[in-house]
Amino acid sequence: MACSCSVPVSKTPAPGFRKALWLALWVNLAMFLIEGVASLQSGSVSLLADAIDFFGDSANYILSLTVLSMDMIWRGYAALFKGLTMALFGAAVWARGLWTLQTGTTPEAITMGSVGLLALVANVSVALALFRFRSGDADMRSVWLCSRNDAIGNIAVIIAAAGVFGTGSAWPDLIVAGMMGALAITAGISVVRHARADIVTARSVAPATTSKPSA
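Cut-off values and rules
Residues numbered from 1 in each chain as written. Predicted model: local features only at pLDDT ≥ 70, side-chain atom pairs only at ≥ 80, totals over all residues. Heavy atoms only, no water. UniProt positions renumbered as here; feature names shortened; annotations may be inferred. Helix = DSSP H or I, 4+ residues; strand = E, 2+ residues; numbered from the N terminus. Axes fitted to C-alpha atoms, helices over the stretch in contact; angles between N-to-C directions. Parallel < 35°, antiparallel > 145°, perpendicular 65-115°, else oblique. Contact = heavy atoms within 4.5 Å. Nonpolar A, V, L, I, M, F, W, Y, C, P; charged D, E, K, R; others polar. Core = buried A, V, L, I, M, F, W, Y, C linked by side-chain atoms within 4.5 Å. Buried < 20%, exposed > 50% of the residue type's maximum accessible area, 1.4 Å probe, protein only.

Looking at an unreviewed UniProt entry, one finds the chain named Cation diffusion facilitator family transporter and attributed to Marinobacterium maritimum. Recorded in UniProt for the chain, the comment headed Subcellular location (unreviewed entry) runs: "Membrane".

Okay, the UniProt feature "transmembrane region" (unreviewed entry) in the chain next. Under the UniProt annotation, "transmembrane region" (unreviewed entry) lies at residues 20-38, 79-97, 109-131, 151-168 and 174-192. Segment residues 79-97 splits into 100% helix and 0% strand. End C-alpha atoms: 27 Å apart. Along residues 174-192, the helical share is 100% and the strand share 0%, with 27 Å between the first and last C-alpha atoms.

Here the focus is the packing of helix α1 (residues 17-42) against helix α4 (residues 109-130). Close contact between α1 and α4 brings their axes to 10 Å; oriented N to C, the two are set at 170°. When the axis of α1 is compared with that of α4, the two are roughly antiparallel. For the pair α1 and α4, contact is made by F17, A20, L23, A24, V27, M31, I34, E35, A38 and S42 and by T111, M112, V115, L118, A119, A122, V126, A129 and L130, respectively. Residue composition of the contact of α1 with α4, by class: 16 nonpolar, two polar and one charged.

Membership of the largest hydrophobic core comes to 20 residues, with the highest contact counts inside it found for L47, A49, F89, V93, M112, V176 and M180. Elements with a minimum of two residues in this core: α2 (45-67), α3 (72-103), α4, α5 (138-167) and α6 (171-210). Filtering out sequence-adjacent residues up to four positions away, A49 remains in contact with F89, V93 and M180. In this structure, A20, L21, A24 and C146 belong to the second largest nonpolar core, which totals 16 residues.

Here it is, written out as C-alpha cells:
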C-alpha cells in the first residue's frame, strides 16, 4: 500500500520513540518464532510470509535503535535500507507463492486462523504504541508503516484461513500471500521515496549548520 506525506526536518527523535521501538522489537522476535513454527506445521504460504516479515521487522527495529541518536542523514540512510528490504521481501513472497502453486500443497486452516489472530493482537499493540510517531521523519514513518502493514497482513491471513477451511483449496492462502507481497513492495517504495527526501534535506541543512562566518 503506497503512502505519501510531507517530510518535516527532524534533528532528534521524539520522546518515547526508543521505548516504543524496544517493545516492537521484542514482540516481533517472539511472533517470528511462533509463526515460523506454525507456518511449517500448517504449510501456509501467507503465514510463512508473515513470519518472515516479523523477522525482517525485528532487524529493522534493531537498525532503527542503532541510528536513533545519530544525525538525520544517517536515519535517512537507515530508512532507505529498510525500504529496499521491504520491497525485496514482497518479491520473495511472490516467488514462494509460485513455488507452492506448483507443488499443490493445501495448508491447515485451523492453525492459520489461530496463529493469525494471535499475531494480529501483537501487531495492533505495537501499532498503537507507534501511532503518534507516524508523521515523523522517514525512519519513524518506516517503523510505523511496518507495524501497520503487519496488522493488515494478519487480518488477511485470518480471512485466508477461513477461505481455505471453506473451500479446501490453497488458493485463498496464495491470493493473500500475493497481496501481502504487493503491500510490502508498495510500502517499501514509499519509504524509499521519503528517505531520499530526508537525505536531500539533511545534506542541504548540513553546510549551513557547520559553516562559520569568517573573522
